[in-house]
Amino acid sequence: MTMPSVKYQRGEMVMGRWPGSSLYYEVKVLRYDASSQLYTVIYKDGTELELKEQDIKNAAGFQTRSRSRSRSRSPGRRRSRSRSPARTTRRSSSRTAAAVATAAITESAPTSRRDAKLKDTPEVRLSPLKQTKAAENNSNNKHEKKEEKQKEENNTANKVNESESKVEAESEKNQGRYNLRRRKDDGDAKALEIKPEKLEEKDAKLAAASAASLSSPLDFGGKMASLLCFVLPPGAYFWLLFLPAWVLFLVLQVNLEDPSLANFPPLLPPFEAFWDAQALGFVILWVLFQVLLYILPVGKLSEGMPLRSGERLKYRTNGFFAIAVSAVAVVAAVHQGVDLTYIHSHFLQLATASLLISVLLSIYLYVRSRYAAPEQLALGGNSGNVVYDFFKGHELNPRIKDFDLKFFCEMRPGLIGWCLINFAMALAEMKEQSLNAPSYSMILVNLFQLLYVLDGLWNEEAILTTMDLMHDGFGFMLAFGDLVWVPFTYTLQAYYLVSHPNLLSLPALAAIVTLKLVGFYIFRKSNSEKNAFRRNPSDPKLSHLKTIPTATGKSLLVSGWWGVVRHPNYLGDLMMALAWSLPCGFSHLLPWHYMIYFIILLVHRDSRDMSECRRKYGSAWDEYCRTVRYRIIPRVY
Ligand SMILES: NC(=O)C1=CN([C@@H]2O[C@H](COP(=O)(O)OP(=O)(O)OC[C@H]3O[C@@H](n4cnc5c(N)ncnc54)[C@H](OP(=O)(O)O)[C@@H]3O)[C@@H](O)[C@H]2O)C=CC1
Ligand SMILES: CC(C)CCC[C@@H](C)[C@H]1CC=C2C3=C(CC[C@@]21C)[C@@]1(C)CC[C@H](O)C(C)(C)[C@@H]1CC3
């Protein structure tokens, strides 16, 4: 069957430009979409891309250079084979698109100018970005020369610096023009050189980095999106209804004298019981108060990780200041006679009001994401299905001027609100049980969780390297999670203790405190290690750590905390979660809700992260997994 009035026909073998480069590969035309005027083509390694007509050329007129010939001719290639750390560490025969592109650059681009350059280069490594650096060394740009020299001096023991991530980001910029649907990781695409255009070093750099970056998130997004369109809308409908209902159920349940599963389902109160305009007013005031603290020009402006556009957003990281001022305001209010136990007695109404705000915010987020530029969208949450995208989040970093909605919601009203609610529960316990001071259990829960939040806010910058900030879109899941789930389910232990006292023996208390401190130590140290490494891989403090280079230019830590298990931070977090539930005893499941949810969440996050890293880093990730065998708990899981 032919496609009328289009230049290239279905099934035709043509040459397709590799994103961000002058490299052309042999591709087969699959279809043409008249509305977008894009051809869907498939590369030999299984990659499907949508290309514009100008990025396609007829096969005739291309000069094919065989790989074996160019391999023997390229000194860079020969040397890199034996010397590249990447080579020595990776034994897998599978070749990622990045590797293929790297090979393409080294093998099939040797214009005489380029060959000469490589010959002059003292060492050429296979890793595309480093190789690019080597090539750049020969340029007349003194500044770059100096930078490279400095890098060599630091010995880079397989490490990369920021300029490399810029390259990666630069290359990702090019993705805007392409839409990668699917690619198989292992492939043998053959690079051909387009005669009339000379392959410039910059192109080579872009091609390598671009291939590396394309091989990952878009691929994941594309492949997953088609799957998700079928599987997830029902899932998204389910979670959309289930999660709010579940929170309201928990809040109703914790109010019962005996919140055991035997009393399920609790009697449903009349509709009016859920609603209180005053409660809504308080929630709005709280959020506005936090907005005010966030926008005050106090505290550091921190840079986020490079976006696909190459841009680095700035974030006002004054969370510690915000919680300190909030604490002073709350203590002053209590001193003035404000009865904080209102929070305990109106928990259901406050939860409903927060839910309403999170729904309205999610609608706003979804609507504005429809007008966002493609490079502002998250790679997941981009399926085209309204319900799924609404739930998962469409836009990566929605901002009103400099006000970052995702960062603000994740770090401020809910997180600081969590401590406020816990404090209110301590007061409610004293009132309800006629105590002069909160119980030991209540004090532990309050102090432990306060420490967790204070730590998160003190190290606020570290959140900029987490999955939520770097990869996830901002939609209902996170808006609801931040504004409802965190403040109204993470506080269940404290709420439970108000009317379910649990006496602790001294040894039990000591054991719980030890567990919390050890968990906290692991959590903090491992998160800081990764954050410091991602921010500056050449940090002298980290020079003792072993790393594995990856084709993207980023390396993976393979010793230190990240050499013990693949997610040491989750391990510490889980130990802390256990320490939060133990003070409530074992009479009911409810105070263990956080622990159960958290295990599910972290196991799911770990497997999501595994597939994303597998796609991003290919065989380097496999090697990391072979070296560090356990995911979260050493020798267990
Ligand atoms: N209390 C709560 O409700 C929750 C708490 N958390 C906590 O938040 C923190 C952040 O968690 P999360 O964002 O899920 O994940 P991580 O902070 O663990 O981030 C995972 C990312 O780290 C990088 N990475 C993985 N392995 C290595 C390695 N060996 N060397 C260097 N970099 C590596 C990868 O990103 P890249 O290579 O792209 O940099 C990977 O995608 C955790 O401490 C977690 O426990 C999380 C969820 C909920
Ligand atoms: C509604 C769903 C079932 C789940 C929603 C998940 C969210 C509640 C969590 C996703 C990642 C989070 C993080 C924190 C809070 C919970 C959410 C938003 C965090 C801010 C808590 C404090 C920590 O110190 C942290 C490391 C900064 C956490 C980062 C991830």
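Here is what the cut-offs are and how they apply
Residues numbered from 1 in each chain as written. Chains lettered and ligands numbered in written order. Predicted model: local features only at pLDDT ≥ 70, side-chain atom pairs only at ≥ 80, totals over all residues. Heavy atoms only, no water. UniProt positions renumbered as here; feature names shortened; annotations may be inferred. Near = heavy atom within 4 Å. Polar contact = N/O pair within 3.5 Å; in protein donor to acceptor, adjacent residues only side chain to side chain. Areas by Shrake-Rupley, 256 points an atom, 1.4 Å probe, with all protein chains shown as cover. Helix = DSSP H or I, 4+ residues; strand = E, 2+ residues; numbered from the N terminus. Nonpolar A, V, L, I, M, F, W, Y, C, P; charged D, E, K, R; others polar. Axes fitted to C-alpha atoms, helices over the stretch in contact; angles between N-to-C directions. Parallel < 35°, antiparallel > 145°, perpendicular 65-115°, else oblique. Left-handed = near helix turned anticlockwise from the far one by under 90°. Contact = heavy atoms within 4.5 Å. pLDDT = per-residue confidence, 0-100. Expected span 1.5 Å × (residues − 1). Buried < 20%, exposed > 50% of the residue type's maximum accessible area, 1.4 Å probe, protein only. Salt bridge = Lys/Arg side-chain N within 4 Å of Asp/Glu carboxyl O.

For the chain, the name recorded in an unreviewed UniProt entry is Delta(14)-sterol reductase LBR, with Dicentrarchus labrax as its organism. The record in UniProt for the chain states the following under Pathway (unreviewed entry): "Steroid biosynthesis; cholesterol biosynthesis." Taken from UniProt, the Sequence similarities (unreviewed entry) comment for the chain reads in full: "Belongs to the ERG4/ERG24 family."

**Brief notes about the site of ligand 1**
Inspection of the region around ligand 1 gives 27 residues, with Tyr 490, Tyr 570, Asp 573, Asp 609 and Tyr 617 positioned closest. Contact between ligand 1 and Tyr 490: an oxygen atom at 2.4 Å from a side-chain N or O atom of the residue. One of the backbone nitrogen or oxygen atoms of Leu 557 is found 2.9 Å away from a nitrogen atom of ligand 1. Protein chains bury 93% of the 920 Å² of accessible surface belonging to ligand 1 in isolation. The biggest single contributor to the shell around ligand 1 is helix 23 (residues 593-617), with nine residues. Counted by class, the shell around ligand 1 contains 16 nonpolar, four polar and seven charged residues.

**With respect to the packing of helix 10 (residues 277-295) against helix 11 (residues 319-335)**
Any two packed helices are characterised by how steeply their axes cross, that is the angle between the axes, and by the distance between the axes. Close contact between helix 10 and helix 11 brings their axes to 10 Å; oriented N to C, the two are set at 130°. Of the possible angle classes, the one that applies to helix 10 and helix 11 is oblique. Seen from above, helix 10 lies across helix 11 with right-handed handedness. Across from Trp 286, Phe 289, Gln 290 and Leu 293 in helix 10, the residues of helix 11 making contact are Phe 321, Ala 322, Val 325, Ser 326 and Ala 329. Of the residues in the contact of helix 10 with helix 11, the class split is seven nonpolar, two polar and no charged.

**A word on the site of ligand 2**
Residues in close proximity to ligand 2 total 15 residues, the closest being Glu 410, Gly 456, Asp 468, Asp 482 and Arg 605. For ligand 2, the protein covers 87% of the area, taking 630 Å² as the surface of the free molecule. Elements supplying a minimum of two residues to the shell around ligand 2: helix 15 (405-411), helix 17 (440-458) and helix 19 (476-489). Top contributing element to the shell around ligand 2 by residue count: helix 19, with five residues. Per-class residue counts for the shell around ligand 2 are nine nonpolar, two polar and four charged.

**As for the confidence of the model for the chain**
Note that predicted coordinates carrying low pLDDT should not be read in detail. For the chain, per-residue confidence averages 75 on the pLDDT scale, and residues scoring 70 or more make up 68% of the total. Predicted as a complex, the structure gets a pTM of 0.70 and an ipTM equal to 0.97.

**A closer look at helix 22 (residues 568-581)**
Relative to the 20 Å expected for 14 residues at 1.5 Å per residue, helix 22 spans 21 Å between its end C-alpha atoms, a close match to the ideal helical length. Most of helix 22 sits inside the fold, with 13 of its 14 residues counted as buried.

**Points about the pattern of salt bridges**
For the structure on display, the rule yields twelve salt bridges. Among the salt bridges present, the one from Glu 461 reaches Lys 300, with a minimum N-O distance of 2.9 Å. Here Glu 461 is found in the loop between helix 17 and helix 18 (467-470), whereas its partner Lys 300 is found in strand 7 (residues 300-303), with 161 residues between them in sequence. A relative accessible area of 21% means that Glu 461 is categorised as partly exposed. Here Lys 431 ties to Asp 339 by a salt bridge, and the two come within 3.5 Å at their closest N and O atoms. Here Asp 339 lies in the loop between helix 11 and helix 12 (342-345) and Lys 431 lies in helix 16 (residues 413-432), a separation of 92 residues in the sequence.

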